[in-house]
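Here is what each chain is made of, one letter per residue.
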Amino acid sequence: MASERILEVEGLSVAIPTPSGMLHPVQNVGFHVDRGETVAIVGESGCGKSLTSLAIMDLLPLRATRSADRLVLDNTDMLRIGERQMSDIRGNRMSMIFQEPMTSLNPAYTIGDQLTEGPRRHGQSGMSEARDRAVWLLEKVGITAAANRLRQYPHQLSGGLRQRVMIAMALMCGPDLIIADEPTTALDVTIQAQILHLLAELQREFHTGLILITHDLGVVARVADRVAVMYAGQIVEEGSAHRIFTTPSHPYTRGLLDCIPIPGKTARGSHLGSIPGIVPSLIGEMPGCHFAERCRHATGRCTSRPVDLGDGLEPDHRVRCVFSPEELQP
Amino acid sequence: MFTYLLRRLGVAVLVALTVSLITFSMIYLSGDPAVALAGEAATEEDIESIRTYYGYDRPILVQYGDWLFKALQGDFGQSHYLKQPVALVIFERLPTTMMLGLCALVFALVLSIPLGVLAAIRPNSLIDRTALTIAVIGQAMPSFWFALTLMLWLGIIWRLLPITGSDSWANFVMPSIALGYYITPAAMRLTRAGMLEVLSADYIRTARAKGLRPVTVLFKHALRNAILPVISLAAVQFGFMLGGSIVIETIFAINGLGFLAWESIQRADLPMMQAIVLVLSVFYILLTLLADMLNAWLDPRIRVA
């Protein structure tokens, strides 16, 4: 089956002025998403993954500025359209699920009102049609007595239910692409798995592209087709989920994977890995590899000049390191 | 919603009763009413006969009970000075004061809510600074002085508006501005603060992520949540305004309740003063109740709380 490209991002950067200088939380990020594909963006807090998703949606905070070489959603060049046309795309062809289900719904309006708002705004359907779809989708996301739920207010639902509502909301207009920004972080561990399965299931059923932003590698391993690992505003390694999990190349990716125990592999009582040092400040320009300070392979070469995302072990695999992937294998 | 209404109503009745008791006793605390009525040249016998005639010789609680019982039936007694039923006089004057209060409130909200919203959308911009200046001036300026300044410019120098009286709508313009301007600063700052907070809320980002038009995001999703404290404030301030209208009505010689109150104080017209204070308090209580109901309607979370 020929893959159909839904989203193409190239050279995406975000800059935020701060009193102590220009902050560069996202630097030259590029990746793509195909229809029916799940791309996970992983990285620790503050690595720029959430801002990357907000930059794609053009929902960055006012002070932040976005620049990109290429930002194309299914033949629409999002760099060339105005805010009005962008708002036609938002929630319609591209929708987003946020991290905080408890606060992401407006407390003053019913679930039904907030679900049907999107399709009515985008002229997809009238009130009754939108309500029917809302009920159908609420049932799809596993909410019982969906018709009655439409009359309920957010404060009457639990966090897990609210996130289900958010997922249903993201699907209301039948988007080509869904961006899920840490959709399970704020939820109970038992609910996390359910929500994740649900997302993966719906993504297969509706055949949309899905960008899953998370710091939970366990989540990624289960649902992602491809993985982009972000560190300090840059993608440091990108490849198929299988490649990243079996033979990670970049020292940071390897460090991350060392941090999680693997059943059957990690010996009971043994120390889990940790990455020494802290994430560098992203204020001002930073030549060379961002990870160099914490990397045990680092040499003088690493910090002298910018390191590009180079070819990896297979065509769709890329690594940002001065050493070749072969050199990096243990 | 209905139980919430009932509960709030119960509280309102209790507050009204307490206020009536305080009102009633406060007037006795200000001096012997019989002496005040009798005037300076009165003899001891005159005072005594006045005291028995009006029943001031009875225990205070009995007087209060009697007064309250009649007041509940709409009978506030006879005015000592006008020799007319108090209820009738108040009923004549009340619409003027309500009209003034309402105009002032509308003026204040029409000025403060849009300015507050604009200031919040563009914090620290020129419009924000202008709004702040208006707020600071409004807060700092005594209303009687502002009223006199308005009179001087609009009434005397430019001759745009009539200075005194309450015969036509034009008479209400300056008093409404003078009275309403008083509550503008607080309402504006509160709108601004509320909007600033709400605009950074997660659900506003959700609304934008749905592709909703900026106007929808601003007015449907943000303002409804930001306006809640402003409504409560407006109700409280409206109460202050009813008090403030004593000053404003006197300055502009508007034949309303405030003017009547001032006249009654000068004439030591006890039943009239008691009734006015009670009517204004009950109005204030009703307004607070109305604000609570409005907030409950706007924010479903309040209904269950």
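Residues numbered from 1 in each chain as written. Chains lettered and ligands numbered in written order. Predicted model: local features only at pLDDT ≥ 70, side-chain atom pairs only at ≥ 80, totals over all residues. Heavy atoms only, no water.

### Describing the overall build of chain A
Looking only at helices and strands, chain A features twelve helices and 13 strands. By the compact-globule yardstick of 20 Å for 330 residues, chain A fits well, its C-alpha radius of gyration being 21 Å. Per-residue burial over chain A gives 54% buried out of 330 residues. For chain A, long-range pairs separated by at least 24 residues make up 66% of all intrachain contacts whose partners lie at least 6 apart in sequence. When the accessible surface of chain A is split by element, carbon and sulfur atoms take 51% of a total near 14,500 Å². Placing the 32 positive and 37 negative side-chain charges of chain A at their respective mean positions leaves the two points 3 Å apart. (Helix = DSSP H or I, 4+ residues; strand = E, 2+ residues; numbered from the N terminus. Rg over C-alpha atoms; globule rule 2.2 N^0.38 Å. Buried < 20%, exposed > 50% of the residue type's maximum accessible area, 1.4 Å probe, protein only. Contact = heavy atoms within 4.5 Å. Areas by Shrake-Rupley, 256 points an atom, 1.4 Å probe, with all protein chains shown as cover. Lys, Arg positive; Asp, Glu negative; His and termini not counted. Charge placed at Lys NZ, Arg CZ, Asp CG, Glu CD.)

### Notes on the interface of chain A and chain B
If you look at the interface, chain A gives 29 residues, while chain B gives 20 residues. Carbon and sulfur atoms supply 52% of the area buried between chain A and chain B, which totals about 2,300 Å² over both sides. On the chain A side of the contact with chain B, P107(A), Y109(A) and E117(A) bury the most area, a combined 23% of that side's loss. If you look at where chain A meets chain B, you find three salt bridges. Two residues, K220(B) and E117(A), come together in a salt bridge whose shortest N-O distance is 2.8 Å. At the boundary of chain A with chain B, the tally comes to 15 residue pairs in polar contact (both at pLDDT 80 or more). Elements with a minimum of two residues in the side of chain A that touches chain B: α1 (49-57), α2 (83-89), α3 (111-121) and α6 (159-171) of chain A. Considering every element that reaches the side of chain A that touches chain B, the biggest residue donor is α3(A), with five residues. (Buried area = accessible area lost by both parts, 1.4 Å probe. Salt bridge = Lys/Arg side-chain N within 4 Å of Asp/Glu carboxyl O. Polar contact = N/O pair within 3.5 Å; in protein donor to acceptor, adjacent residues only side chain to side chain.)

### Some remarks on the environment of P142(B)
With respect to the helices, strands and loops of the structure, P142(B) is situated in the loop between α6 (126-140) and α7 (143-157). Taking the C-alpha atoms as reference, P142(B) lies 9.7 Å from A178(B); in sequence the two are 36 residues apart.

### A few points about the packing of aromatic side chains
Residue and element names in this part refer to chain A. In total, this model carries twelve aromatic pairs over all chains according to the counting rule given. Centroid distance Y231 to F291: 5.1 Å. Interplanar angle 85 degrees. Geometry classified as edge-to-face. With Y231 in strand β10 (residues 226-231) and F291 in the loop between α10 (251-258) and α11 (300-304), this residue pair connects regions lying 60 residues apart in the sequence. One exposure class covers both Y231 and F291, and it is buried. One aromatic cluster is present, built from ring pairs that chain together Y231, Y252 and F291. If you follow R301 out to its NZ or CZ, it ends over the ring of F323, 5.2 Å from the centre. (Phe/Tyr/Trp six-rings, centres within 6.5 Å; stacked < 30°, edge-to-face > 60°. Lys NZ or Arg CZ within 6 Å of the ring centre and 35° of its normal.)

### Let's talk about the sheet that holds strand β11 (residues 234-240) of chain A
Residue and element names in this part refer to chain A. On the basis of which strands lie adjacent, the open sheet formed by eight strands has the order β7-β8-β9-β3-β10-β11-β13-β12 and mixed pairing. Here the strands that pair on one side only, and so sit at the sheet edges, are β7 (94-97) and β12 (310-311). In this sheet, strand β9 (residues 209-214) lies alongside strand β3 (residues 38-42) in parallel orientation, the contact comprising five bridges. The residue of β9 that forms the bridge with V39 is I211. Each of β7 and β8 (177-181) is contacted by α6, which is oriented at about 175 degrees to β7, the strand it contacts most. Sheet strands in contact with α10 are β10 and β11, and its direction is about 100 degrees off that of β10. (Pairing = 2+ DSSP bridges. Axes fitted to C-alpha atoms, helices over the stretch in contact; angles between N-to-C directions.)

### Structural notes on the packing of α3(A) against α6(A)
Residue and element names in this part refer to chain A. α6 packs onto α3 with a crossing angle of 25 degrees between their chain directions and a minimal axis gap of 8 Å. By the angle class used here, α3 and α6 are roughly parallel. Where α3 crosses over α6, the handedness of that crossing is right-handed. On the side of α3, the interface is formed by I111, Q114 and L115, while α6 contributes V165, A168 and M169. Among the residues forming the contact of α3 with α6, the class breakdown is five nonpolar, one polar and no charged. (Parallel < 35°, antiparallel > 145°, perpendicular 65-115°, else oblique. Left-handed = near helix turned anticlockwise from the far one by under 90°. Nonpolar A, V, L, I, M, F, W, Y, C, P; charged D, E, K, R; others polar.)

### Here's the deal with unusual backbone geometry
One non-glycine residue with positive phi stands out, namely N28(A), at about 55 degrees. As for its placement among the helices and strands, N28(A) is situated in strand β2 (residues 21-34). One non-glycine residue, R159(B), lies in the positive phi region at around 55 degrees. Counting through the fold element by element, R159(B) comes out in the loop between α7 and α8 (170-181).

### What about the packing of helix α12 (residues 228-252) of chain B against helix α13 (residues 257-266) of chain B?
Residues and elements named next belong to chain B. Contact pair α12 / α13: the axes reach a minimum separation of 7 Å and the direction vectors enclose 90 degrees. Regarding the angle of α12 to α13, the classification is roughly perpendicular. Residues S245, I246, E249 and T250 of α12 touch α13, and the partners they reach there are L257, G258, F259, A261 and W262. For the contact of α12 with α13, the residue count by class is five nonpolar, three polar and one charged.

### Observations regarding the domain arrangement of chain B
Residues and elements named next belong to chain B. Split into domains, chain B comes out as domain 1 (2-72) and domain 2 (86-304). Between the C-alpha centres of domain 1 and domain 2 there is a distance of 31 Å. Each partner contributes residues to the interface: domain 1 has 18 residues there, and domain 2 has 14 residues. The contact between domain 1 and domain 2 buries some 1,500 Å² in all, and 77% of this surface belongs to carbon and sulfur atoms. Contact with domain 2 buries area across many residues of domain 1, yet Y4, R8 and I27 alone supply 37% of it, more than any other trio. At the junction of domain 1 with domain 2, the criterion picks out one salt bridge. (Domains from an automatic or database assignment.)

### Here's the deal with the side chain of D299(B)
Structurally, the position occupied by D299(B) is in the loop between α14 (270-298) and α15 (300-304). The exposure class of D299(B) is buried, given its relative accessible area of 5%. At 2.9 Å, the side chain of D299(B) forms a polar contact with the backbone nitrogen of R301(B). Apart from the residues within four sequence positions on either side, D299(B) is in contact with P107(A) and L228(B).

### What to know about the pattern of salt bridges
Residues and elements named next belong to chain B. Applying the stated criterion across every chain yields a total of 27 salt bridges over all chains. Between D66 and K70 there is a salt bridge; the shortest N-O distance is 3.9 Å. Remark: K70 and D66 occur in helix α4 (residues 60-72); sequence separation between them is four residues, near one turn of the helix. Residue D66 is classed as partly exposed on the basis of its relative accessible area of 27%. With a shortest N-O distance of 3.8 Å, R205 and D202 are connected by a salt bridge.

### Things to note about the environment of A146(A)
All names here are of chain A. Mapped onto the fold, A146 is located in helix α5 (residues 146-149). Expressed as a C-alpha distance, the spacing of A146 and G112, which sit 34 residues apart in the sequence, is 9.6 Å. Leaving out residues up to four positions away in the same chain, A146 has contacts with V135, L138 and E139.

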